[in-house]
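Chain by chain, the residues:
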Amino acid sequence: MRNFSGYRCPPIAVLSLHSCPLGSLGARDTGGMSVYIRETAVELARLGYKIDIFTRKHGSHGSEIITLAPGVRLVHVEAGREQEVVDKLSLFPHISSFSDAIRVFCRNENINYGLIFSHYWLSGIAGMNLSNCWGVPHVVMFHTLAAIKNRLGAGTEEPALRIDSESRVARGSHKVIVATRSEKQDLVDFYGAKENNISILPCGVNQHLFKPFVNNSDKNNLVDKKKKTILFVGRIEPLKGLDLLFDSLALINSVNDWQCIIAGGGESSRIEIERLKLKAELLGIKEKVVFSGLVPQGKLPYYYNLADVLAVPSYYESFGLVALEALASGCPVVANDVGDLKSIIRSGFSGDVAIKPDPVEFAAKLSHWLNRPPLTLPDKQLIARTVSSYGWNNVCYRLSGEISKMMNVACGIL
């Protein structure tokens, strides 16, 4: 076994087959999961673990192995076509080649991993394969569940292949990590997972990056600072509720001078963006909606600090990471009742949660925050304080406990 002096042994293999953690946030298949993988890997390394993150080779990076932080490597291996964007389902036939490539890498590097942490159902299948091969524990986090997406009826119908695979992974893994109690119940009700095999660990936020400050940035002149600003951050897809948001915006009549910034959406979202632009024109709000395109995570704090309110009109979120980032930056959030936002947002103080996805209710809540006086820096700091316990260090301390317990069980210590 390779000597990892200074690290807890054995190291951990993190699998992210369909989405590279270095992908552009807000693009297709790249979002909160990528943030979660990067942040937890870095924080676990600070706690003494050696982390290798495996993803498919996709041609965007010159090196197959990239050091993300001390103790954290991103390893690109062969798994289907190398195009930047492919349909996730098209990667299903390449799961075995992904697993085989990881085994070859481990053999060449002389590494024995002690635990596998898979993200999303495709990686979950690969994780189960490797777990059986190596005889080590397998932990999985799904991030979204097909059965719930289909029940909501927003977006493309998820195939039976995915649902069946998720069920098999949920019941066949040593541990499932979820972010909310509702997701745990969904796994039990829809997938037959065992309750005692599911651990609830919330998502976190990088409080060094996302924090309140006096925003003097013009953000490339995309935002008129004299106007009240509604901000949306995320992928441009039906599940994110942009149709509901636009219907809500058309009902805002108590505030004259406002704008809505849509941050997200790469080339793969071009058709959907054009559709939304046409809708905005038909609703009479075309001049008030600005599509800023993809925004690097490092620049998001400037957007949050300038906005008067963040809109989260999603029909489904496994947690609501964008809302957590906004709150940590001192930006109020108006959201649908998704993920864990009802317990994170303090109604009337740090935002509001709509009881149901209704444009009239959502518009009223947005208008309430637009009509309030601009937040001062102390006001923002008070909002940020409401999520101070969600730092990644706290989240990963608990995650480390779960990992240590599983490794100890595997070694016969417990």
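For the structure itself, look to the data block above.
So, how was this worked out
- Residues numbered from 1 in each chain as written.
- Predicted model: local features only at pLDDT ≥ 70, side-chain atom pairs only at ≥ 80, totals over all residues.
- Heavy atoms only, no water.
- Helix = DSSP H or I, 4+ residues; strand = E, 2+ residues; numbered from the N terminus.
- Contact = heavy atoms within 4.5 Å.
- Areas by Shrake-Rupley, 256 points an atom, 1.4 Å probe, with all protein chains shown as cover.
- Phe/Tyr/Trp six-rings, centres within 6.5 Å; stacked < 30°, edge-to-face > 60°.
- Buried < 20%, exposed > 50% of the residue type's maximum accessible area, 1.4 Å probe, protein only.
- Expected span 1.5 Å × (residues − 1).
- Pairing = 2+ DSSP bridges.
- Axes fitted to C-alpha atoms, helices over the stretch in contact; angles between N-to-C directions.
- Salt bridge = Lys/Arg side-chain N within 4 Å of Asp/Glu carboxyl O.
- Parallel < 35°, antiparallel > 145°, perpendicular 65-115°, else oblique.
- Left-handed = near helix turned anticlockwise from the far one by under 90°.
- Nonpolar A, V, L, I, M, F, W, Y, C, P; charged D, E, K, R; others polar.
- Core = buried A, V, L, I, M, F, W, Y, C linked by side-chain atoms within 4.5 Å.
- Right-handed = clockwise from strand over helix to strand, strands pointing away.

(A) Up close: the overall build of the protein. The helix and strand tally for the protein stands at 14 helices and 14 strands. Counted over contacts in the protein with a minimum sequence separation of 6, partners at least 24 positions apart contribute 68%. As presented, the protein carries roughly 17400 Å² of accessible surface, and 50% of it is formed by carbon and sulfur atoms.

(B) Focus on the packing of aromatic side chains. Counted according to the given criterion, the structure contains 10 aromatic pairs. Ring plane angle 80 degrees and centroid distance 5.5 Å describe the contact between F54 and F105, whose orientation is recorded as edge-to-face. Of this pair, F54 sits in strand β2 (residues 49-56) while F105 sits in helix α2 (residues 95-109), and the two are 51 residues apart along the sequence. Neither residue differs from the other here; F54 and F105 are each classed as buried. Grouped by ring-pair contacts, the aromatic residues F54, F105, Y113 and W134 constitute a single cluster.

(C) Geometry of helix α12 (residues 359-370). The end-to-end C-alpha distance of α12, which contains 12 residues, comes to 16 Å, matching closely the 16 Å that a straight helix rising 1.5 Å per residue would cover. For α12, the complete set of buried residues consists of E361, F362, A363, K365, L366, S367, W369 and L370. In this structure, the buried residues of α12 make contact with β9 (228-233), α7 (242-249), β10 (258-263), β12 (309-312), β13 (333-336) and β14 (351-354).

(D) Fine view of the sheet that holds β14. Spatial strand order, β11-β10-β9-β12-β13-β14: six strands in an open sheet with parallel pairing. Whereas interior strands pair on both sides, the edge strands pair on one side only; in this sheet they are β11 (289-293) and β14. Averaged over neighbouring strand pairs, the angle between their axes works out to 20 degrees when direction is ignored. The strands that α7 touches are β9, β10, β11, β12 and β13; relative to β10, the one it contacts most, it runs at about 170 degrees. Across the sheet, α12 touches β9, β10, β12, β13 and β14, and the angle it forms with β14 is around 175 degrees.

(E) Inspection of the pattern of salt bridges at higher detail. Under the counting rule described, the total for this entry stands at 20 salt bridges. The partner of K175 in a salt bridge is E402, and the shortest N-O contact between them spans 3.9 Å. With K175 in strand β7 (residues 175-178) and E402 in helix α14 (residues 392-410), the pair connects residues that are 227 residues apart, well separated along the chain. You'll find K175 and E402 in the same group, each marked buried. Among the salt bridges present, the one from E272 reaches R275, with a minimum N-O distance of 2.8 Å. Of the two residues, E272 and R275 both sit in helix α8 (residues 270-283), three residues apart, roughly one turn of that helix.

(F) How the structure looks around the packing of helix α3 (residues 120-134) against helix α5 (residues 160-172). Put simply, α3 and α5 touch, their axes get as near as 9 Å, and they point 50 degrees apart. The angle between α3 and α5 falls in the class oblique. For the pair α3 and α5, the sense of crossing is left-handed. Taken together, the residues of α5 that come into contact with α3 (itself represented by Y120, W121, G124, I125 and M128) are L161, R162, S165, E166, R168, V169 and G172. For the contact of α3 with α5, a count of residues per class yields six nonpolar, three polar and three charged.

(G) A look at α5. Over its 13 residues, α5 extends 18 Å from the first C-alpha to the last, a length consistent with the 18 Å expected when each residue adds 1.5 Å. Restricting attention to buried positions, one finds in α5 the residues R162, S165, E166, S167, V169 and A170. In this fold, the buried residues of α5 make contact with α3, β6 (138-141), α4 (146-152), β7 and α6 (181-191).

(H) Focus on the nonpolar core. Of all hydrophobic cores here, the largest spans 106 residues; its most connected members are F54, F117 and L187. Discounting residues that sit within four places of it in the chain, F117 has contacts with I12, A13, V14, L15, Y36, V139, V140, M141, I177 and L399. Among the nonpolar cores identified, the runner-up in size contains 28 residues, and W258, A280, W369 and L370 belong to it.

(I) The arrangement of the pairing of β7 in detail. Every second residue of β7 is oriented toward a common face, with K175 and I177 on one face and V176 and V178 on the other, all of them buried. As judged from the two bridges shared by β6 and β7, these two strands associate in the parallel manner. By the bridge assignment, V139 is partnered in β7 with K175. Relative to strand β8 (residues 198-200), β7 runs parallel, the two being bridged by three bridges. Bridge pairing in β8 links V176 to I198. Handedness of the β-α-β unit built from β7, α6 and β8 comes out right-handed.

(J) Just the environment of K227, in detail. By the element assignment, K227 lies in the loop between β8 and β9. Taking the C-alpha atoms as reference points, K227 and D257, 30 residues apart in sequence, are found 5.3 Å from one another. Once you skip the residues sitting within four places of it in the chain, K227 turns out to touch D257, W258, Q259 and D308.

(K) View of the pairing of strand β4 (residues 72-77). In terms of burial, β4 is a largely internal element, six of the six residues being buried. Side-chain alternation along β4 places V72, L74 and H76 on one buried face and R73, V75 and V77 on a second face that is also buried. Relative to β4, strand β3 (residues 65-69) runs antiparallel, the two sharing four bridges. Along β4, the bridge assignment pairs A69 with V72.

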